[in-house]
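Residues per chain, in single letters:
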Amino acid sequence: MGNQKKYTFSGYRRPDGRVGIRNKILILPASVCASDTTRIIASQVESTVTFNNQNGCSQVPSDQQLTMDVMAGFAANPNVYGTIVISLGCENCQMDLVLEAIQERTNKPLEHFVIQENGGTISTIEKAVRAAQKMAQAASLAVKEEFDFSELIIGTECGGSDPTSGLAANVLIGEMSDRITALNGTSILSETTEFIGAEHILARRGRDKEISDRIYQIVHDYEKAIKRVGHDVREGNPSPGNMEGGLTTLEEKSLGCIHKGGHGQVNEVYDYAKQVEAHKGLVIMDTPGNDPSSVAAMAAGGCQLVVFSTGRGTPTGNPIVPVIKITGNKETFANMSDNIDIDASPYIYGTKTLEELGDDLMDEIWQVSKGKLTKAEALGYMEMAIARVCNYM
């Protein structure tokens, strides 16, 4: 399994027992109508983050639940010290519902302000900035402790794939997954649409028949959902960039995608943005292939960082979790050196073994978990999306 040294990290033990590798204050918009207000608040206080929530209103119940789960999951993510929720006041995601959903997941510091009840935007910003400043000062007193890698939950993602993703980058992520699970940590395999054509391989690795059946179910449900609106998932997958890079079919893409899960058994299948338990080994989360919404779901599930492969190159980040970017394409690594953290192409050209590259990646995870900024973090990339069930009402 390669180099096993240095596999502890400095993190923050939260009141709910989880361990974070960052110490953020989340300014959480409960709906699209609060998003500009949270942006202004977050710009005023150090260590705060926010995102543009496109949802929160005019949604059918099942669609609204996805949004609620992401909001509550972001607040509960261990990289977040505490949360300040901002709502307009008349949206479907009412403040009491959002607070209840957060409190079901975590007992960390929590404040809230309703724009329509606090004198409008300027007054709300003033009050929330003061609250955020006070919370940020408290967060700065949080003491780091040393923790074992078993406390890590790592999300895995691939975007802008080409053949080098399946040949090297995803294989390297699979090596990482095997090592993390061997250390009693957790690795999340995502992107259900990119299991299609390879679902039988994953299903054979299910811990029991229930897990295997669930793998088939989430794949079939996705295909049926697309067909209900008169389309086939293969119409948009592989994407034009995938095909230009050399991928010809969805099945070919899927066979490369599932390498990210390594070789272990699948111990659990989680719905979109639901809380992932630590020490679970390899698990699956039912997410779309859309990168920002898939990464958001895993962050909501509690992962502290994401390892993300890309053949064509992508700058994707996230507001609350670091995203380590890997490519197996040496030209992409040269062309997008601003965005890519790890070059896996030496595996293709035989200049490094998978074990050596695995050591490099584990060392990078160790450094990021200690506090090193990924390139996406250093650039301030915070792309954000939430999965949708259907059109707005």
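Residues numbered from 1 in each chain as written. Predicted model: local features only at pLDDT ≥ 70, side-chain atom pairs only at ≥ 80, totals over all residues. Heavy atoms only, no water.

Draft legend 1. Spotlight on helix H7 (residues 209–228). Across its 20 residues, H7 extends 28 Å between first and last C-alpha, which sits within 8% of the 28 Å expected from 1.5 Å per residue. Among the residues of H7, those classed as buried are Ile 211, Ser 212, Arg 214, Ile 215, Ile 218, Val 219 and Glu 223. Buried-residue contacts for H7 involve helix H6 (199–204), strand E10 (266–270) and strand E11 (281–285). Among the residues of H7, the N-terminal cap falls to Asp 208, whose side-chain oxygen and the backbone nitrogen of Glu 210 are separated by 3.2 Å. With its phi angle positive at about 85°, Gly 230 sits one or two positions after the end of H7. (Helix = DSSP H or I, 4+ residues; strand = E, 2+ residues; numbered from the N terminus. Expected span 1.5 Å × (residues − 1). Buried < 20%, exposed > 50% of the residue type's maximum accessible area, 1.4 Å probe, protein only. Contact = heavy atoms within 4.5 Å. Polar contact = N/O pair within 3.5 Å; in protein donor to acceptor, adjacent residues only side chain to side chain.)

Draft legend 2. Helix H13 (residues 354–370), seen in detail. Its 17 residues give H13 an end-to-end C-alpha distance of 24 Å, which sits within 8% of 24 Å, the value for a rise of 1.5 Å per residue. Listed as buried for H13 are Leu 357, Gly 358, Asp 359, Leu 361, Met 362, Glu 364, Ile 365, Trp 366, Val 368 and Ser 369. Looking one or two residues past H13, Gly 371 carries a phi angle of roughly 135°, positive in sign.

Draft legend 3. Highlighting the sheet that holds strand E1 (residues 8–13). Strand order in this open sheet of three strands is E2-E1-E7, and the pairing throughout is antiparallel. Only two strands of the sheet have a single neighbouring strand rather than two, namely strand E2 (19–20) and strand E7 (145–148). Pairing analysis gives two bridges linking E1 to E2, with the strands arranged antiparallel. Within the sheet, the bridge partner assigned to Arg 13 lies in E2 and is Val 19. Against the sheet, H13 touches E1 and E7, its axis set at about 30° to E1. (Pairing = 2+ DSSP bridges. Axes fitted to C-alpha atoms, helices over the stretch in contact; angles between N-to-C directions.)

Draft legend 4. Examining the state of the cysteines more closely. This model, assessed by the stated rule, comprises zero disulfides. For the unlinked cysteine Cys 158, the closest cysteine sulfur is that of Cys 257, found at 4.0 Å. With no disulfide of its own, Cys 303 lies 15 Å from the sulfur of Cys 158, the closest cysteine sulfur. The class for Cys 303 is buried, based on a relative accessible area of 0%. (Disulfide = S-S within 2.5 Å.)

Draft legend 5. A look at the layout of surface pockets. As a volume, the largest pocket reaches approximately 770 Å³. If you go around the largest pocket, you meet 26 residues; those closest to its centre are Leu 66, Tyr 222, Ala 225, Arg 388 and Val 389. Elements that contribute at least two residues to the lining of the largest pocket include exactly helix H2 (61–76) and H7. Ranked by residue count, the leading element in the lining of the largest pocket is H7, at eight residues. Residue classes in the lining of the largest pocket are distributed as 13 nonpolar, five polar and eight charged. (1 Å grid on protein atoms, 1.4 Å probe; cavity = no way out; pocket = protein on both sides within 12 Å on 5 of 7 lines; lining within 4 Å. Points joined across faces, edges and corners; volume = space filled by probe spheres on them. Nonpolar A, V, L, I, M, F, W, Y, C, P; charged D, E, K, R; others polar.)

Draft legend 6. Main features of the sheet that holds strand E5 (residues 80–87). One open sheet accounts for four strands, arranged E4-E3-E5-E6; its pairing is parallel. On the outer flanks of this sheet lie strand E4 (48–49) and strand E6 (110–114), each paired with one strand and no other. Against the sheet, H2 touches strand E3 (24–29) and E5, its axis set at about 165° to E3. Along the sheet face, helix H4 (residues 121–139) touches E3, E4, E5 and E6 and points at about 175° away from the line of E5.

Draft legend 7. Here's a closer look at the pattern of salt bridges. Summed over all chains, the structure comprises 19 salt bridges. Where Arg 22 meets Glu 377, a salt bridge forms, and the shortest distance between an N and an O atom there is 2.9 Å. In this pair, Arg 22 is assigned in the loop between E2 and E3 and Glu 377 in helix H14 (residues 375–379), connecting sequence segments 355 residues apart. In this pair, the class of Arg 22 matches that of Glu 377, namely buried. Across the salt bridge formed by Asp 63 and Arg 388, the nearest N and O atoms sit 2.6 Å from each other. Of this pair, Asp 63 sits in helix H2 while Arg 388 sits in the segment after H14, and the two are 325 residues apart along the sequence. (Salt bridge = Lys/Arg side-chain N within 4 Å of Asp/Glu carboxyl O.)

Draft legend 8. Structural context of the nonpolar core. With 44 residues, the main nonpolar core has Leu 26, Phe 74 and Val 98 as its most contacted residues. Contributions of two or more residues to this core are made by E3, H2, E5, helix H3 (95–105), E11, helix H10 (291–300) and strand E12 (305–309). Among the elements that take part in this core, H2 stands out by supplying seven residues, more than any other. For Leu 26, the residues in contact, after removing those within four places along its chain, are Val 49, Phe 51, Phe 74, Ala 75, Val 80, Gly 82, Thr 83, Ile 84 and Ile 320. (Core = buried A, V, L, I, M, F, W, Y, C linked by side-chain atoms within 4.5 Å.)

Draft legend 9. Fine view of the packing of aromatic side chains. Throughout the structure, instances matching the rule amount to four aromatic pairs. Ring plane angle 40° and centroid distance 6.0 Å describe the contact between Phe 9 and Phe 147, whose orientation is recorded as tilted. With Phe 9 in strand E1 and Phe 147 in strand E7, this residue pair connects regions lying 138 residues apart in the sequence. Of the residues examined, Phe 9 reaches a relative accessible area of 0% and is grouped as buried. Judged by its relative accessible area of 7%, Phe 147 falls in the buried class. Grouped by ring-pair contacts, the aromatic residues Tyr 7, Phe 9, Phe 147 and Phe 149 constitute a single cluster. A cation over an aromatic ring shows up here: Lys 330 above the ring of Tyr 349, its NZ or CZ 4.4 Å from the ring centre. One cation-aromatic arrangement involves Arg 388 over Tyr 392; the distance from NZ or CZ to the ring centre is 3.8 Å. (Phe/Tyr/Trp six-rings, centres within 6.5 Å; stacked < 30°, edge-to-face > 60°. Lys NZ or Arg CZ within 6 Å of the ring centre and 35° of its normal.)

Draft legend 10. How the structure looks around unusual backbone geometry. The backbone phi angle of Ser 47 is positive, close to 75°, even though this residue is not glycine. Of note in the backbone geometry, Asn 184 takes a positive phi value of approximately 70° without being a glycine. Among the secondary structure elements, Asn 184 is positioned in the loop between helix H5 (163–182) and strand E9 (186–189). When its relative accessible area of 41% is taken as the criterion, Asn 184 is described as partly exposed.

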